[in-house]
Amino acid sequence: MTVLALDLGSTRIKAARFEASGKTLKSAEQPTPNIVGSGTRREFDGAEFLLRAEQALLELQPRQGERLGIASQRSSFLLFDAHSGKPVTPVISWQDRRGAEWIAGHADAHELVGEITGLPLSAHYVGPKLAAMFATDRELAKRANSGRLRLGTLETFLIRHLSPELLHVTDETMAARTLLFDSRSGAWSPKLCDLFGVHSSLLPRVVPSSGRSDDLGPLVLSASIADQSAGALHAVGAGPGAALINFGTGSFVVSPTGAQWQRKHGYLTSLLHSRGTAGEVRERGFALEGTVNAGASLVVRDASPAAAADHDLPDDAMALVDENGIGAPHWRADLGPIWSPAAEKLAPLTRRRVAEQGLCFRVREILADLGCMERRLVVAGGALHDAAFAQRLADCLGRPIEVCLEPEATLAGVAALACDREFGRGLAQSRVIAPGEQREALDARFGRWRSWVASTLAS
């Protein structure tokens, strides 16, 4: 048996055929449409996205009855016509922050949103963006509330167009990132829909992440899931005892908590996966998550020797590297990136090393806050193909790390989910990298960095 996997990423749409054992047989790739916009707006063309996703699948020559699993970037969405399926809005990227002004006028909603979703009231998510769009475009709001439009995250939109039955569905992990969904009850929240002015007719039917058999023409959709969830399941499994650090466009730390829904101030409660039978959920797994709004682009890959070793960087050269707002646990949408005065004066390569170290320290800050520093730490992402960076990361964390050797953990994860495989401690092979002799010096430097962050954010 073979299975197809599709990853609807932020910069690339990737597809692959896998054997049931997990071996990759064939792959294809398409770039995502260019993101455009100014100010707080970040959008791309939905019709072009659809064409490129379909092209990536067609390059694999799908076979009749072959299983398909889809992983999708979270929080990007569009509105489309209920009858024709044609886009009515562009795709609103997860990077779009048009909802910030609406949030500023609804400060009293923070606790309600956090209590129901385990997430902060942030402009990254769908709910505030919809509220802002409806407030500025009354005709759009009228059409949405009259049942003439449908909401779709990327996989929902694609499924609608591939399905002979015109399915309008999303899985629980994607629904849980909209700020409209109660992940404990597994249903759209009437209170949150009222808060953001979202009519129930707009929303897709929520289904399990796996255990499905949806008709997509020649293919059978067996699983769909958020991309970070797919990668985490493949790397560390669904149970507590390990944490995944993933470096991509942004960086994420995912700490599975098993069947227990937990809330921790400054962090995200994620629905990691749900498993079902005949469309009914019978099992859910959760996680705590910390985000850094910066990632692999900061990794120094210059072939020339670095201007300074990590422990030899100037004591007062520090960086908070988050872009488009500082993520967990600080959640300062108005700030980032921030350089200390000493860092601003450095030569370009040395300054880049300060930024890279700032990224590693942000990860360490999250791991420490989540109580993960003594757990098994698995690291994934393209940045880890650079062995020198992997060693610098282990040095900065002061802990051994396991580098995931699967170059496409998201694709492999959703393929395994589509095959209904058990993840255990994770399926990915890894290699262990121990911290070097710099540990003590970098421990002290991390302490200074945390003090600098605290004083900088307090000022």
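Look up a bit, the structure's there.
Residues numbered from 1 in each chain as written. Predicted model: local features only at pLDDT ≥ 70, side-chain atom pairs only at ≥ 80, totals over all residues. Heavy atoms only, no water.

A. The arrangement of helix 13 (residues 409-418) in detail. With respect to burial, helix 13 is a largely interior element, 10 of its 10 residues being buried. Among all positions of helix 13, only Ala-409, Thr-410, Leu-411, Ala-412, Gly-413, Val-414, Ala-415, Ala-416, Leu-417 and Ala-418 are buried. Where helix 13 is buried, its residues touch strand 1 (2-8), strand 2 (12-19), strand 5 (66-72), strand 13 (210-216), strand 14 (219-226) and helix 9 (227-236). Count one or two residues on from helix 13 and you reach Asp-420, which has phi positive near 60°. (Buried < 20%, exposed > 50% of the residue type's maximum accessible area, 1.4 Å probe, protein only. Helix = DSSP H or I, 4+ residues; strand = E, 2+ residues; numbered from the N terminus. Contact = heavy atoms within 4.5 Å.)

B. Looking closely at helix 5 (residues 138-145). Here helix 5 has its buried residues at Leu-140, Ala-141 and Ala-144. Projected down its long axis, helix 5 shows its buried positions confined to an angular sector of 100°, all on one face. Helix 5 presents Arg-138 and Lys-142 as exposed residues on the side facing more than 90 degrees away from its buried surface. Next to the buried residues of helix 5 lie strand 6 (77-81), helix 4 (126-136) and strand 8 (149-153). A positive backbone phi angle near 85° is found at Gly-147, which sits one or two residues after helix 5. (Arc of directions from axis to C-beta.)

C. The packing of aromatic side chains, seen in detail. Per the counting criterion, the structure on display carries 7 aromatic pairs. Between Phe-361 and Phe-446 the ring centres are 5.4 Å apart and the planes differ by 65°, which places this aromatic pair in the edge-to-face class. Of the two residues, Phe-361 is situated in helix 11 (residues 348-369) and Phe-446 in helix 14 (residues 439-458); the sequence distance between them amounts to 85 residues. Exposure class is identical for Phe-361 and Phe-446. Each is buried. An angle of 55° between the planes, with centres 5.8 Å apart, marks the rings of Phe-361 and Trp-449 as tilted. Of this pair, Phe-361 sits in helix 11 while Trp-449 sits in helix 14; the two residues are 88 residues apart in sequence, bridging distant segments of the chain. Taking the relative accessible area as the measure of exposure, Trp-449 reaches 1% and is therefore buried. Three or more aromatic residues joined by ring pairs form one cluster here, namely Phe-361, Phe-446 and Trp-449. Lying over the aromatic face of Trp-261, Arg-184 brings its terminal NZ or CZ to 3.6 Å of the ring centre. Positioned above the aromatic ring of Trp-339, the side-chain terminus of Arg-351 is 3.9 Å from the ring centre. (Phe/Tyr/Trp six-rings, centres within 6.5 Å; stacked < 30°, edge-to-face > 60°. Lys NZ or Arg CZ within 6 Å of the ring centre and 35° of its normal.)

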